[in-house]
Amino acid sequence: MGMMRRSMLFVPANDERKIRKVLDIKPDSVIFDLEDSVPVEEKENARNFLLKILKEMEFKNIEVCVRINSIYTIEGLKDIIALTSLDNVNCIVIPKAEGDLSFIHKITGKNLMGIIETPKGITKIEEIARSEGIVAITWGPADLALSIGGNIEAYESNIFIRTLIPIVASAYGIDAIDKVYFNVEDIEGFKKECYEAKKLGYVGKTLIHPNQVNLANEIFKPTKEEIEWAKKIVDIYQEYYKKGKGAIKIEGKLIDYVHYKLAKKILEKIREE
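A brief report on the enclosed structure follows. (Residues numbered from 1 in each chain as written. Predicted model: local features only at pLDDT ≥ 70, side-chain atom pairs only at ≥ 80, totals over all residues. Heavy atoms only, no water.)

Focus on the pairing of strand β8 (residues 204-207)
The two faces of β8 match: Gly204 and Thr206 on one face and Lys205 and Leu207 on the other face are all buried. Bridge count for strand β1 (residues 7-12) against β8 is three bridges, and the pairing is parallel. Pairing of Met8 across the sheet is with Thr206, part of β8. The pairing of strand β7 (residues 175-178) with β8 spans two bridges and is parallel. (Buried < 20%, exposed > 50% of the residue type's maximum accessible area, 1.4 Å probe, protein only. Helix = DSSP H or I, 4+ residues; strand = E, 2+ residues; numbered from the N terminus. Pairing = 2+ DSSP bridges.)

Remarks on the packing of aromatic side chains
Working definition: an aromatic ring pair is given by the centre-to-centre distance plus the angle between the planes. One pass over the full model with this rule turns up two aromatic pairs. Ring centres 6.0 Å apart and planes at 65 degrees place the aromatic pair Tyr181 and Phe190 in the edge-to-face group. Judged on exposure class, the residue Tyr181 and its partner Phe190 are both buried. (Phe/Tyr/Trp six-rings, centres within 6.5 Å; stacked < 30°, edge-to-face > 60°.)

Quick look at the sheet that holds strand β2 (residues 29-33)
With parallel pairing, eight strands are arranged side by side around a closed barrel as β1-β2-β3-β4-β5-β6-β7-β8. With strand direction ignored, the average angle separating the axes of adjacent strands in the sheet is 25 degrees. As paired strands, strand β3 (residues 63-67) and strand β4 (residues 91-94) are joined by three bridges and run parallel to one another. The residue of β4 that forms the bridge with Cys65 is Cys91. Sheet contacts for helix α10 (residues 187-200): β7 and β8; angle to β8, the most-contacted strand, approximately 140 degrees. (Axes fitted to C-alpha atoms, helices over the stretch in contact; angles between N-to-C directions. Contact = heavy atoms within 4.5 Å.)

A few points about unusual backbone geometry
With phi around 55 degrees, Lys26 is a residue other than glycine that occupies positive phi space. Structurally, the position occupied by Lys26 is in the loop between α1 (16-25) and β2.

Focus on the environment of Lys106
By secondary structure assignment, the location of Lys106 is in helix α4 (residues 102-108). Given the relative accessible area of 59%, Lys106 is considered exposed. Placed 26 residues apart in sequence, Lys106 and Glu132 show a C-alpha to C-alpha distance of 8.0 Å.

This is the structure we're talking about:
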């Protein structure tokens, strides 16, 4: 398994105060944004500023990601070329992903995360998940609703799309990251959405406010009960497996190799903290 991505905090790439503050907030990942939070006329300045400041800063135990502009625009291509020179950028986040993204990994050598936020992105989601270098996928209901001509609230609560992301991510061995929760004042609503996402198989959440970081880290961390159960499954299963048994009963529940793998995943997460 790779690193944990319980909290992935978006930060505008043209805001020096917020960029420097990331070191104190300590999300699992930071996503410096060159796309939505930067006006069109400021794209060049934001890119140059981000390149300069990232060369000066050291991010210990924080995955550094950059959301580039659309890969179908000049600005997006300039972003890709610029990021090849930055050693401390770990991951490139691609908005409106709509197909195989392997070429970006081949050019930059960086990990990739695709954002599913268009109709074509939904239909090509497996192609995106199979891309060389991809480590995670997430989704954006606002852009998705806009591009379809639908209602944002209806897409935010759409169980088909919300379930599709972790299913595909799991099928291709990458992380499923849940969407942004925009109402930063509604802490209870945010917590509820995190718990729902965790139950669906998401490993973390994209965030837009520092106050959401600790909550996401806590909720997406395996619970004490989950850890104890995982240890029990791993220990007993390994013992029985040596005796040639592939399925066993633990406390009245049938446990097989799939449960064993899930239990090992939980314990690996703990070791990475």
